[in-house]
Amino acid sequence: GAVVSQHPSWVICKSGTSVKIECRSLDFQATTMFWYRQFPKQSLMLMATSNEGSKATYEQGVEKDKFLINHASLTLSTLTVTSAHPEDSSFYICSATNLGQGIFGGYTFGSGTRLTVV
Amino acid sequence: KQEVTQIPAALSVPEGENLVLNCSFTDSAIYNLQWFRQDPGKGLTSLLLIQSSQREQTSGRLNASLDKSSGRSTLYIAASQPGDSATYLCAASQGGSEKLVFGKGTKLTVNP
């Protein structure tokens, strides 16, 4: 089945630094990747949708200059949290789909990244 | 705008019991509805996907139903086991897009 690898699984960084999270589709080409964040005991909230080779589409209220998304290839998307602050501490999860197959085949999710900003 | 609600927020049952988790959504113009399992601190594992034209899907001890007209889906777990303990998330596609909207989940605890 489809596999999405997310790295790192957890990271601790100092306030003001930047952190990059990678999301890779291992056995399929991901034309579209989604980035979510999840606060404790809350649901997943979609942050942005990225399509290979084009700019990401951000959801309302998500700062695009703070959460930089790059989807340069069909197997890799990255999320960079710039100038991280403690309130950015959260669980970030990516998912991937290919050419709209998510509609018919569902979505595959990464294992998530726990970000703690101190 | 799609909104997804899951009831109950938490459920504790003895091992062996059959149980039902509920999910409701406000916009019936969905492509599909998907049930996931999330273990603490982990990502999501897809359990069942129901296309909008389908009424139910089954996998092992799991059965999910979909009633678009009433905006409801249920996840039935038969003969529950302690290993079923996790948070179960329901997600419905937002009409006309590939975006998924998630409920807050039901935290299930199956006691030995």
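Preceding block: the structure.
Before going into details, it helps to say that this report is about the structure given with it. (Residues numbered from 1 in each chain as written. Chains lettered and ligands numbered in written order. Predicted model: local features only at pLDDT ≥ 70, side-chain atom pairs only at ≥ 80, totals over all residues. Heavy atoms only, no water.)

### Quick look at the state of the cysteines
So, point 1. Under the counting rule described, the total for this entry stands at two disulfides over all chains.
So, point 2. Between the sulfur atoms of Cys23(A) and its disulfide mate Cys94(A) the distance is 1.9 Å. Between Cys23(A) and Cys94(A), the disulfide has an S-S torsion of 80° and is therefore right-handed. Separated by 71 residues along the polypeptide, Cys23(A) in strand 3 (residues 19-25) and Cys94(A) in strand 9 (residues 90-97) bring together distant segments of the chain. Side by side, Cys23(A) and Cys94(A) carry an identical accessibility label, which is buried.
So, point 3. Residue pairing for Cys23(B): its cysteine sulfur links by disulfide to Cys90(B), the two sulfurs lying 1.9 Å apart. Between Cys23(B) and Cys90(B), the S-S dihedral sits near -55°, and the bridge is therefore left-handed. Here the residue Cys23(B) occupies a position in strand 3 (residues 19-25), and Cys90(B) occupies one in strand 9 (residues 86-93), the gap between them amounting to 67 residues. (Disulfide = S-S within 2.5 Å. Helix = DSSP H or I, 4+ residues; strand = E, 2+ residues; numbered from the N terminus. Buried < 20%, exposed > 50% of the residue type's maximum accessible area, 1.4 Å probe, protein only.)

### Topic: the sheet that holds strand 7 (residues 62-67) of chain B
Strand pairs in the sheet, formed through backbone hydrogen bonds, run parallel or antiparallel to each other.
Residue and element names in this part refer to chain B.
So, point 1. Strand order in this open sheet of five strands is 1-3-8-7-6, and the pairing throughout is antiparallel. Strands with a single pairing partner mark the edges of an open sheet, and in this sheet they are strand 1 (4-7) and strand 6 (56-59). Strand-to-strand, the axes of this sheet are offset by a mean angle of 15°, without reference to chain direction.
So, point 2. Sheet topology places strand 6 next to strand 7; four bridges connect them, and they run antiparallel. Its bridge partner lying in strand 7, Thr 58 is registered against Asn 63. (Pairing = 2+ DSSP bridges. Axes fitted to C-alpha atoms, helices over the stretch in contact; angles between N-to-C directions.)

### Things to note about the pattern of salt bridges
Residues and elements named next belong to chain A.
So, point 1. Taken as a whole and judged by the stated rule, the model has five salt bridges over all chains.
So, point 2. When the shortest N-O distance is used, the salt bridge between Asp 88 and Lys 66 registers 2.9 Å. Highlighted residues: Asp 88 in the loop between strand 8 (76-81) and strand 9 and Lys 66 in the loop between strand 6 (57-58) and strand 7 (67-73), separated in sequence by 22 residues.
So, point 3. Judged by its relative accessible area of 12%, Lys 66 falls in the buried class. (Salt bridge = Lys/Arg side-chain N within 4 Å of Asp/Glu carboxyl O.)

### Some words on the interface of chain B and chain A
So, point 1. Opposite the 18 residues of chain B that make contact, chain A presents 26 residues.
So, point 2. Across the interface of chain B and chain A, roughly 1700 Å² is buried in total on both sides, 54% from carbon and sulfur atoms.
So, point 3. Three residues, Glu98(B), Lys99(B) and Phe102(B), lead the burial of chain B against chain A; their summed loss comes to 34% of the area buried on that side.
So, point 4. Applying the counting rule to chain B against chain A returns one salt bridge.
So, point 5. The partner of Lys99(B) in a salt bridge is Glu59(A), and the shortest N-O contact between them spans 2.8 Å.
So, point 6. On the surface where chain B and chain A come into contact, there are six residue pairs in polar contact (both at pLDDT 80 or more).
So, point 7. Elements with a contribution of two residues or more to the side of chain B that touches chain A: strand 4 (32-38), strand 5 (44-51) and strand 10 (100-102) of chain B.
So, point 8. Tallying contributions element by element places strand 4 of chain B first for the side of chain B that touches chain A, with four residues.
So, point 9. Looking at the side of chain B that touches chain A, its residues break down into seven nonpolar, seven polar and four charged. (Contact = heavy atoms within 4.5 Å. Buried area = accessible area lost by both parts, 1.4 Å probe. Polar contact = N/O pair within 3.5 Å; in protein donor to acceptor, adjacent residues only side chain to side chain. Nonpolar A, V, L, I, M, F, W, Y, C, P; charged D, E, K, R; others polar.)

Such coordinate-based values are descriptive only and should not be taken to indicate function.
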